[in-house]
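Residues per chain are reported as follows:
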Amino acid sequence: MSTPRAVLKWLIAGVAVTAVATSFRVTESVMSSMAGHGHDWWRVFVWQLAGWGFWTLFAPILLRRGEALAEARPWWRALPAAVMTGVALFAIHVVFVAGVVQLVQHFQPVALYPFGEALSRQIDSWGMVDLIVITGLTGFGMALTSYRQARQLELNESRLEADLARAELETLRLQLQPHFLFNTLNSIAALIRRGDGEQALDTVVELGEMLRETLGRSRRDSVSLRDEIDFVARYVELQRTRFAEDLQVDFDVPEACLGLGVPTLALQPLVENSIRHGLGRRGRTLRVEVRAELDGGELRLEVSDDGSGPPDGFDIRRDAGVGLGNLRSRLRLMYGEAAVLRLERRAGGGTIARIALPAVAIAETRLGAGRSRPATEPDAAEAAEREGRA
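Quick caveat: nothing in here was measured; it's all calculated off a predicted structure.

Attention now moves to the overall build of the protein chain. Broken down by element type, the protein chain carries 10 helices and 7 strands. Within the protein chain, buried positions represent 38% of all 390 residues. In the protein chain, the share of contacts with a sequence separation of at least 24, taken over all contacts with a separation of at least 6, comes to 74%.

Shown next as structure tokens:
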């Protein structure tokens, strides 16, 4: 405890004791006046101030005994020490007050007390009061400690829940990274099968850059929507190496939304889901649209396509694959009931996925801004290697 706060507490206690002593002195004066006695005001005041000031000085001892009772398991193990402390303080108190009475003789000129009689009268006068003070202070210390223990238990439980949530989020991120990697490798494998080694190499280089950024994001639960859109755009370029003109992706994201936070890899699984399932209908271009909208305190994200649409009876809680199930779990952990993910059939055919979450600004890191060259441009060593193969 800091010294200024300790001094302030003692000052407050002193003022309180003075007020109590004054109130008892006023009561004593009224009673004495009614009886025709003429006691000196200051003598009675000193007697009362000494009696109550004693408990101001020794209250911390009783509070600590109450703390020991609350911490003991079982509590009655600390009861004998608490009783002995109370008895000792009561004895010291009445002896001390009797000594003060012997000095000030607060009832003169009506009565003058020798020490023995003063001690006997103080036991009668303070006995019940001291019992209430001792049990009250000890009980207050016990209650205060029990309250602190309950608060600490709640704090520990909340920290444990937060640690478990962070561990679950980390597990989900680790699950999503290989899922993203395997799906991109399928595109590279398709390029190799059709003999397009040059394009496959460019795709591998770009994939390496994206994986580096993904690992850089792994320590963050959220990124700005601008970073997420940039990442999705690069992912789309990777997929175009495989699907070429069969894939068209458009972005409609207002500037006001770009600085808001979204879960890491929030849109990429939705776009990936549209590409994987939407391109099942061959012979036509798949159109994917990514939109964002700020509605009051809510950010709404939408990924729609004109592909084959979800199967009849699709339920995202039951039928979601790795990507959608992962995203849904992360939204639940990060936002609770404040975030919603829905996937449904779009009017006119296709699929539409919607995310609604609280609109919160976030610092933008621009993870891809530090690249020294575009990922699709080979360096000199790669160019020489290609010339050698040719």
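So much for the structure itself; the text now carries on.
For helix 7 (residues 268-278), the tally of buried residues reaches 9 of 11 residues, placing the bulk of the element in the interior. Buried residues of helix 7: Gln 268, Pro 269, Leu 270, Val 271, Glu 272, Asn 273, Ser 274, Ile 275 and Gly 278, and no others.

With 71% of its residues at a pLDDT of 70 or more, the protein chain shows a mean pLDDT of 76. Across the protein chain, the secondary-structure element scoring lowest on mean pLDDT is helix 10 (residues 380-389), at 40, and the one scoring highest is strand 5 (residues 298-305), at 94. pLDDT under 50 marks residues 367-390. Its contacts with residues more than four places away, or in other chains, come to 27 contacts.

Our next topic: the packing of helix 6 (residues 225-243) against helix 7. Close contact between helix 6 and helix 7 brings their axes to 10 Å; oriented N to C, the two are set at 25°. In terms of orientation, helix 6 lies roughly parallel with respect to helix 7. In this structure, the crossing between helix 6 and helix 7 has a hand that is right-handed. Only Gln 268, Val 271, Glu 272 and Ile 275 of helix 7 make contact with helix 6, whose side of the interface consists of Glu 228, Phe 231, Val 232, Tyr 235, Val 236, Gln 239 and Phe 243. Partitioning the contact of helix 6 with helix 7 into residue classes produces 7 nonpolar, 2 polar and 2 charged.

Helix length check: helix 3 (residues 79-104) (26 residues) gives 37 Å between terminal C-alpha atoms against 38 Å at 1.5 Å per residue, within 8%. Along helix 3, the residues classified as buried are Ala 82, Thr 85, Gly 86, Leu 89, His 93, Val 94, Val 97, Ala 98, Val 100, Val 101 and Val 104. Just past helix 3, the residue Gln 105 takes up positive phi, approximately 50°.

Note on strand geometry: in a regular strand, side chains alternate between the two faces of the sheet. Pairing geometry for strand 2 (residues 247-252) and strand 4 (residues 286-295), over 6 bridges, is parallel. Across the sheet, Val 249 pairs through a bridge with Val 288, a residue of strand 4. Direction of pairing for strand 4 relative to strand 5: antiparallel, over a ladder of 8 bridges. Looking at the pairing, Val 290 lines up with Val 303 of strand 5. In sequence, strand 4 turns back onto strand 5 through a hairpin of 2 residues, with Gly 296 there showing a positive phi of about 65°.

Another point: the packing of aromatic side chains. Taken as a whole and judged by the stated rule, the model has 4 aromatic pairs. An angle of 70° between the planes, with centres 5.5 Å apart, marks the rings of Trp 52 and Trp 126 as edge-to-face. Of the two residues, Trp 52 is situated in helix 2 (residues 41-71) and Trp 126 in helix 4 (residues 115-193); the sequence distance between them amounts to 74 residues. Of the residues examined, Trp 126 reaches a relative accessible area of 3% and is grouped as buried. Residues Phe 54 and Trp 55 carry aromatic rings whose centres are separated by 5.1 Å and whose planes lie at 85° to one another, so their mutual orientation is edge-to-face. Take Phe 54 and Trp 55: they sit in the same class, and that class is buried. Members of the aromatic cluster, each reached through a chain of ring pairs, are Phe 54, Trp 55, Phe 58 and Phe 96.

Another aspect to go through is the environment of Leu 89. Following the sequence through the fold, Leu 89 ends up in helix 3. Leu 89 sits 34 residues away from Trp 55 along the chain, and the two C-alpha atoms are 9.0 Å apart. Residues in contact with Leu 89, not counting those within four places in the same chain, are Phe 54, Trp 55, Phe 58, Ile 61 and Leu 62.

Turning our attention to the sheet that holds strand 6 (residues 340-345). What the 5 strands build is an open sheet, ordered 2-4-5-7-6; its pairing is mixed. Where the open sheet ends on each side, the last strands, each with one partner, are strand 2 and strand 6. Mean inter-strand twist for the sheet, computed between neighbouring axes without regard to direction, equals 10°. Against the sheet, helix 6 engages strand 2, strand 4 and strand 5, with an angle of about 165° to strand 2. Here helix 7 sits on the sheet in contact with strand 2, strand 4, strand 5, strand 6 and strand 7 (351-358), set at roughly 155° to strand 4.

Let us now look at the pattern of salt bridges. This structure, assessed with the given rule, holds 9 salt bridges. Among the salt bridges present, the one from Arg 226 reaches Glu 255, with a minimum N-O distance of 3.2 Å. Of this pair, Arg 226 sits in helix 6 while Glu 255 is found in the loop between strand 2 and strand 3 (261-263), placing the two residues 29 residues apart along the sequence. Two residues, Glu 298 and Arg 300, come together in a salt bridge whose shortest N-O distance is 2.9 Å. With a relative accessible area of 35%, Arg 300 lands in the partly exposed category.

Here Thr 135 shows up in helix 4. With relative accessibility at 47%, the residue Thr 135 sits in the partly exposed group. Taking the C-alpha atoms as reference, Thr 135 lies 8.2 Å from Gly 86; in sequence the two are 49 residues apart. Within the structure, Thr 135 has its side chain in polar contact with the backbone oxygen of Leu 131 (distance 2.7 Å).

The rules behind each value
Note that residues are indexed from 1 along each chain, following the sequence as it is written. Per-residue local features of the predicted model are confined to residues with pLDDT of at least 70, and side-chain atom pairs are confined, for both listing and counting, to 80 or more; whole-chain, interface and lining totals are unaffected and use all residues. Neither water nor hydrogens contribute to the side-chain values; these are computed over all heavy atoms in the structure. Secondary structure elements are taken from DSSP: a helix is a run of H or I of four residues or more, a strand is a run of E of two residues or more, and numbering for both begins at the N terminus. Buried residues are those whose accessible area, probed at 1.4 Å on protein chains only, stays under 20% of the maximum for their type, while exposed residues exceed 50% and partly exposed ones sit between those limits. Working rule for contacts: check all heavy atoms of both residues, and any pair within 4.5 Å makes them a contact. Known as pLDDT, the predictor's confidence for each residue is given on a scale from 0 to 100. Comment: axis = line fitted to C-alpha atoms, over the contacting stretch for helices; angle = value between 0 and 180 degrees taken between N-to-C directions. Here is the rule for angles: anything less than 35 degrees is roughly parallel, anything more than 145 is roughly antiparallel, 65 through 115 is roughly perpendicular, and the remaining ranges are oblique. In a left-handed crossing the near helix is turned counterclockwise from the far helix by less than a right angle, and in a right-handed crossing that turn is clockwise. Under the scheme applied, nonpolar residues are Ala, Val, Leu, Ile, Met, Phe, Trp, Tyr, Cys and Pro; charged residues are Asp, Glu, Lys and Arg; polar residues are all the others, including Gly. Expected helix span is taken as 1.5 Å per residue step, with the number of steps being one fewer than the number of residues. A strand pair is defined by DSSP finding two or more bridges across the two strands. Any pair of Phe, Tyr and Trp rings, taking the six-membered ring for Trp, is counted once the centres come within 6.5 Å. Such a pair is stacked with planes under 30 degrees apart, edge-to-face with planes over 60 apart, and tilted for the rest. In the sections that follow, a salt bridge refers to a side-chain nitrogen of Lys or Arg positioned within 4 Å of a carboxyl oxygen of Asp or Glu. Contacts described as polar in this section are N or O atom pairs within 3.5 Å, which, within protein, must combine one atom able to donate a hydrogen with one able to accept it, while residues neighboring in sequence count only if both atoms come from side chains.

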